[in-house]
Amino acid sequence: MHKILLMAVITAALFHSSLVFASSETEAIQQQLEAIKKEYGQAIKALEDRLLKAEKSAQLANNQAQKLAVQLEQSSSARTSSSSTQNSFNPAISLILDGRFASFDNNPEDYELPGFALGNEAGLREKGLSIGHSELTMSANIDDQFFGKMTLAFDEHDGETETELEEAFIQTLGLGHGFTLKAGRFFSEIGYLNQQHGHAWDFADAPLIYRGLFGDQLIDDGVQMTWLAPTDTFLQLGTELFSGSRFPAGGTTSGIGAWTAFADIGGDIGIEHSWQLGLSHWRSDNIQDRKSGGHAHGDGEAETPSFSGDSKISALDLVYKWAPKGNPNHQNFKFQFEYFDRQEDGNVVMLGSGPPLETTSYDGDQKGWYAQAVYKFKPQWQVGLRYDWLDSDNRGSDADVLTEAGLDNEGHSPKRYSATLEWLPSEFSRLRLQYNQDESYEETDHQLFLQYTMSLGSHGAHQF
Amino acid sequence: MIRHQWKNTYCFALLLLTLCSNTAYAQLSIFACEPEWAALTRALAGDTARVYSATTAQQDPHHIQARPSLIAKVRRADMLVCTGAELEVGWLPLLLRKSGNAKIQAGQAGYFMATDHVSLLEKPAVLDRSLGDIHAAGNPHIHLDPHRVQQVAEALASTLTTIDPINKNNYRGNLQRFTLEWREAISQWEKQSEKLRGKRIVVSHNNWIYLERWLGLERLAVLEPRPGIPPSSQYLAKVLAQLEQNPADMILHASYQNDKPALWLAQKTGLPVVGLDFSPANNNSLIQWFDGVLNQLLRAES
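Calculation notes
Each residue is numbered by its place in its chain's sequence as written, counting from 1. Written order determines the labels here, with chains lettered from A and ligands numbered from 1. The model is predicted, so local features are restricted to residues of pLDDT at least 70 and side-chain atom pairs to those at 80 or more, both for listing and for counting; the totals for chains, interfaces and linings are taken over all residues. Only DSSP runs of H or I covering at least 4 residues are called helices, and only runs of E covering at least 2 are called strands; the numbering of each starts at the N terminus. Each radius of gyration is computed over the set of C-alpha atoms, and the globule rule expresses the reference value as 2.2 Å times the number of residues to the power 0.38. With C-beta atoms placed from the backbone, a residue counts as buried when 20 or more other C-beta atoms lie within 10 Å of its own, as exposed when 12 or fewer do, and as partly exposed for counts between those limits. For every residue pair, C-beta atoms are placed from the backbone, and the pair is scored as a contact if these atoms sit within 7 Å. Residues are grouped as follows: Ala, Val, Leu, Ile, Met, Phe, Trp, Tyr, Cys and Pro are nonpolar; Asp, Glu, Lys and Arg are charged; every other residue, Gly included, is polar. To count as a nonpolar core, a set of buried Ala, Val, Leu, Ile, Met, Phe, Trp, Tyr and Cys residues must be joined through C-beta atoms within 7 Å. Annotation comment: domain bounds sourced from an automatic or database domain assignment. Convention adopted: a line fitted to C-alpha atoms gives each axis, helices being fitted over their contacting stretch, and angles between N-to-C directions are expressed from 0 to 180 degrees. In these notes the angle categories are as follows: under 35 degrees is roughly parallel, over 145 is roughly antiparallel, 65 to 115 is roughly perpendicular, and the rest is oblique. Handedness of a crossing follows from how the near helix is turned relative to the far one, being left-handed for an anticlockwise turn of less than a right angle and right-handed for a clockwise one. Each direction from the helix axis to a C-beta atom contributes to the arc, which is the arc of those directions. At least two bridges found by DSSP between two strands is the condition for calling them paired. pLDDT: the predictor's confidence for each residue, scored from 0 to 100.

A. Layout of the overall build of chain B. Along its length, chain B carries ten helices and eight strands. Taking 19 Å as the expected radius of gyration for a compact globule of 302 residues, we find that chain B reaches 20 Å, a close match to that expectation. For chain B, the C-alpha atoms occupy an extent of roughly 65 × 50 × 30 Å along the three principal directions. Each of the 302 residues in chain B was classed as buried or not, and the buried ones make up 47%. Restricting the contact set of chain B to residue pairs at least 6 apart, pairs at least 24 apart contribute 63%.

Here it is as structure tokens:
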């Protein structure tokens with residue numbers, strides 16, 4: 001019994017103690033667990049926070065990466081495509097195609113300008129359908145110092161194609177201080193229209209005074225020096241030295257046969273108006289044997305007038321342009337006026353006459369002007385009006401020879417009224433309808449032209 | 001509001017700086033072809049340069065003539081800042097040849113063309129004028145993308161430094177300031193213009209590509225059948241029929257462009273017409289101009 005009780009007590013005690021022991025261990029474990037839980041909870045929260053942060057920054061990075069990718073994609077094609085505009089190193093090439101239909105009341109071969117001995121390309125050209133003046137131009141910067149340009153002109157004369165080297169010059173780029181030097185064959189800066197190619201003119205034919213004095217245009221071989229003043233108002237001074245081997249000089253082959261001096265001034269008035277005023281002078285002393293076409297004698301003998309002596313031309317030009325808000329693309333207006341005066345002193349010989357050769361002393365006094373206005377009234381449409389007037393008072397020892405040479409004005413001062421309507425489908429093409437009432441000589445001629453002028457290849461320059 | 005306050009502070013700081021540093025050195029004379037580059041140059045050069053803009057926002061930069069006044073300005077310029085990519089091909093080469101000025105000829109440090117420093121979109125695969133007056137190098141109207149303007153600003157600041165190393169710190173400081181303001185402005189514009197994203201537009205001339213990409217606008221039609229060729233009434237009728245099938249949200253044109261086709265189409269469709277200044281107006285900053293452009297677009301949208 002005792003034994004059983006003892007056992008019971010022992011077991012009870014044991015049990016109890018083990019119980020006590022067990023419960024304290026659970027508590028510790030529980031506490032530990034709590035602690036761990038807390039710790040982990042904090043850690044997890046920290047992790048979660050970090051994850052959130054990471055996600056956010058990943059999104060940001062992603063955005064930035066996307067932006068960069070766009071930029072990269074864009075710039076991969078960048079520099080290769082940058083301003084290499086003209087076939088890498090090939091010169092800029094442009095081609096002008098020109099053709100027309102012309103109708104005249106009078107025979108164009110009877111054309112004359114009394115008081116002016118016509119030379120060079122002066123004349124009316126063919127009637128009916130014909131191709132006009134086609135041009136091939138190449139130009140480029142040669143290096144950092146020079147620019148070069150060449151223009152070949154193709155004309156049809158009596159069924160034969162004539163090729164003419166119209167321009168071939170180099171020009172400095174890097175002289176600085178406003179100086180520019182040009183050398184080779186080029187259009188003289190006399191007057192305003194003379195520096196422009198015929199296809200850039202606003203009418204199908206040259207003003208009468210250009211026809212009378214230069215045979216349409218003054219081109220010569222030589223050098224040109226211009227200086228641009230460092231002022232806000234445009235002021236340019238220049239001079240040209242020419243060989244003087246081409247009309248209206250001619251004959252002199254050695255040294256400087258002709259020279260010019262010119263001054264241009266110009267600017268803007270407000271934003272819509274701009275203007276330019278020019279004075280120029282051309283001079284050739286000691287001209288030898290300048291040939292020109294004489295007065296036609298039906299199918300008579302071929303006598304050619306030849307002038308020797310001194311010649312000087314003075315010119316005044318004025319250009320005014322208007323464009324609403326200074327934007328000429330939709331609407332613009334242009335007025336231009338040029339006046340020329342030529343004084344000559346020498347003698348005229350009729351080559352192929354005689355013997356003895358017919359000859360006379362010659363004191364020439366010729367002048368003339370034109371005024372024209374062109375109005376672009378819609379983006380693709382333009383109208384123009386022009387008036388030409390010439391006069392001459394030439395004297396000589398033998399009036400008959402003067403008359404034969406075409407230098408007598410026959411009591412007539414040449415005049416011409418012109419009107420045009422142009423359609424400009426784009427900057428590169430033009431269709432022109434032009435009417436002239438031409439009173440160059442006694443019999444008034446009514447002339448009609450329908451002309452196309454197209455420009456292919458490199459973009460042309462927007463000259464003032 | 002905060003931006004403007006900042007700007008005032010900057011202006012004041014700039015004023016102090018220039019007052020202090022206003023020594024006797026000569027100012028640079030800079031010829032900018034378009035008002036946007038004039039504005040950018042003014043921001044980067046501050047008082048160290050006199051900036052002249054050859055064109056205004058009312059002039060189409062494709063169709064400028066080499067006027068005597070422009071030749072006179074180029075004669076005296078120390079630097080050119082132009083768009084390039086043939087935008088000025090009709091007049092800039094002529095100005096350069098007539099200027100007698102060695103400093104700004106192509107290849108010189110003073111010859112800065114913005115499009116040389118960014119990538120261009122819409123580089124044509126085929127070069128043929130039957131496609132209109134296209135630009136071989138790509139669409140040159142990059143100033144409508146502020147991110148590209150930032151790239152140009154960086155290149156321009158470094159060119160200014162090359163030309164005028166004495167004022168290096170000035171250009172660096174101005175660039176930093178500009179960049180800061182510009183970034184802030186861009187993020188604001190991008191927030192503002194969220195609701196323009198996906199809007200469908202009709203444009204007069206295809207010169208909005210960079211704005212379209214930036215704002216996420218979708219171009220449905222161009223009123224010119226080919227770049228530089230005005231639309232015929234037949235062509236407009238075709239565009240109208242197309243829009244009836246697939247309606248747009250607005251019509252966009254630059255204020256220097258002929259607005260008649262756009263107005264005609266607006267009358268037929270009832271769409272709002274937005275005539276945007278294609279460049280900043282006289283002496284406006286780029287930020288003011290972009291603010292104006294976005295405001296006009298947002299007004300048309302609402």
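Resuming the write-up.
B. The overall build of chain A, seen in detail. Scanning chain A from N- to C-terminus turns up four helices and 17 strands. Counting over 464 residues, chain A shows a buried share of 35%. Partitioning the contacts of chain A with sequence separation of at least 6, the portion at a separation of at least 24 is 63%.

C. Summary view of the interface of chain B and chain A. On the side of chain A, 47 residues touch chain B, which itself brings 48 residues to the contact. Looking at the side of chain B that touches chain A, the elements with two or more residues in it are α3 (68-75) and α4 (92-99) of chain B. Of all the elements, α3(B) adds the most residues to the side of chain B that touches chain A, at five residues. For the side of chain B that touches chain A, a count of residues per class yields 20 nonpolar, 18 polar and ten charged.

D. View of α3(B). Taking burial as the measure, the eight residues of α3(B) include six buried ones, the bulk of the element. For α3(B), the complete set of buried residues consists of Pro68(B), Leu70(B), Ile71(B), Ala72(B), Val74(B) and Arg75(B). Contacts from the buried residues of α3(B) go to β7 (219-228), β8 (234-242), β9 (258-269) and β10 (273-291) of chain A together with β1 (28-32) and α4 of chain B.

E. Fine view of the nonpolar core. Residues Leu40(B) and Leu44(B) are the most contacted members of the largest nonpolar core, which totals 84 residues. Counting residues per element, this core draws most heavily on helix α2 (residues 35-45) of chain B, which supplies seven residues. In this structure, this core is formed jointly by two domains, domain 1 (26-189) and domain 2 (194-301) of chain B, each of which donates at least three residues. Counting 42 residues, the second-largest nonpolar core is a separate cluster that includes Phe186(A), Ala258(A), Phe307(A) and Tyr370(A).

F. Spotlight on the domain arrangement of chain B. Residue and element names in this part refer to chain B. Considered domain by domain, chain B is made up of domain 1 (26-189) and domain 2 (194-301). Each of domain 1 and domain 2 has a C-alpha centre, and these two points are 25 Å apart. On the side of domain 2, 24 residues touch domain 1, which itself brings 27 residues to the contact. Elements that contribute at least two residues to the side of domain 1 that touches domain 2 include exactly α2, α5 (146-163) and α6 (168-192). It is α2 that contributes the most residues to the side of domain 1 that touches domain 2, five residues altogether.

G. Representation of the packing of α2(B) against α5(B). Residue and element names in this part refer to chain B. Interhelical geometry of α2 versus α5 gives an angle of 55° and a closest axis separation of 10 Å. The angle between the axes of α2 and α5 places the two elements in the oblique class. Along this stretch, α2 crosses α5, giving a crossing that reads as right-handed. Of the residues in α5, those in contact with Leu40, Thr41, Leu44 and Ala45 of α2 are Val149, Val152, Ala153, Leu156, Ala157 and Leu160.

H. Quick look at helix α9 (residues 260-269) of chain B. All names here are of chain B. Every buried residue of α9 is accounted for by Pro261, Ala262 and Leu265. Buried residues in α9, looked at end-on, bunch into an arc of 100°, giving them a common side. Those residues of α9 that are buried lie in contact with β5 (200-203), α8 (233-245), β7 (250-254) and β8 (273-276).

I. Examining the sheet that holds β5(B) more closely. Residue and element names in this part refer to chain B. Here we have four strands laid out as an open sheet, ordered β6-β5-β7-β8, and parallel in their pairing. Across the chains shown, the open sheet's two edge strands, defined by having one partner strand only, are β6 (218-222) and β8. Shown here is a sheet whose adjacent strand axes are inclined to one another by a mean of 30°, direction ignored. Of the strand pairs in this sheet, β5 and β7 are connected by three bridges, and their pairing is parallel. Directly across from Val202, in β7, lies its bridge partner Ile251. Sitting on the sheet, helix α10 (residues 286-301) is in contact with β7 and β8, with an inclination near 175° to β8.

J. Just the sheet that holds β1(B), in detail. All names here are of chain B. Across the sheet, four strands lie side by side as β2-β1-β3-β4; this open sheet has parallel pairing. In this open sheet, the two edge strands, each paired with only one partner strand, are β2 (49-53) and β4 (111-113). In this sheet, neighbouring strand axes are inclined to one another by 20° on average, regardless of whether the strands run parallel or antiparallel. Pairing between strand β3 (residues 79-82) and β4: three bridges, direction parallel. Bridge assignment links Leu80 to a residue of β4, and that residue is Tyr111. Of the strands in this sheet, β1, β2 and β3 are in contact with α2, which crosses β2 at around 170°.

K. The arrangement of the pairing of β10(A) in detail. All names here are of chain A. Examined bridge by bridge, β9 and β10 share eleven bridges and lie antiparallel to one another. When the sheet's bridge partners are listed, Gly267 is paired in β10 with Trp275. Taking the residues between adjacent antiparallel strands as the criterion, β9 and β10 are bridged by three residues, where Gly270 takes a positive phi near 65°. Relative to strand β11 (residues 304-322), β10 is paired through 15 bridges, and the arrangement is antiparallel. Its bridge partner being in β11, His273 is matched across the sheet by Trp322.

L. How the structure looks around the confidence of the model for chain A. On average, chain A scores 87 in pLDDT, and the residues at 70 or more come to 86%. With pLDDT under 50 throughout, residues 77-84 of chain A is counted as low confidence; its partners more than four residues away or in other chains account for 17 contacts.

M. How the structure looks around the environment of Val203(B). Residues and elements named next belong to chain B. With respect to the helices, strands and loops of the structure, Val203 is situated in strand β5. Taking the number of C-beta atoms within 10 Å as the measure of exposure, Val203 has 26 and is therefore buried. Put simply, Val203 and Asp291 are 88 residues apart on the chain and 20 Å apart in space, counted from C-alpha to C-alpha. Setting aside residues up to four positions removed in sequence, Val203 forms contacts with Trp208, Arg219, Val222, Leu252 and His253.

N. Representation of unusual backbone geometry within the structure. That bond from Phe247(A) to Pro248(A) is cis: its omega, 5°, falls within 30 degrees of zero. Structurally, Pro248(A) is set in the loop between β8 and β9. Here Asn286(A), not a glycine, exhibits a phi torsion of approximately 65°, which is positive. Along the chain, the position of Asn286(A) falls in strand β10. Residue Glu122(B) is not a glycine yet carries a positive backbone phi of 55°. Mapped onto the elements, Glu122(B) comes out in the loop between β4 and α5.

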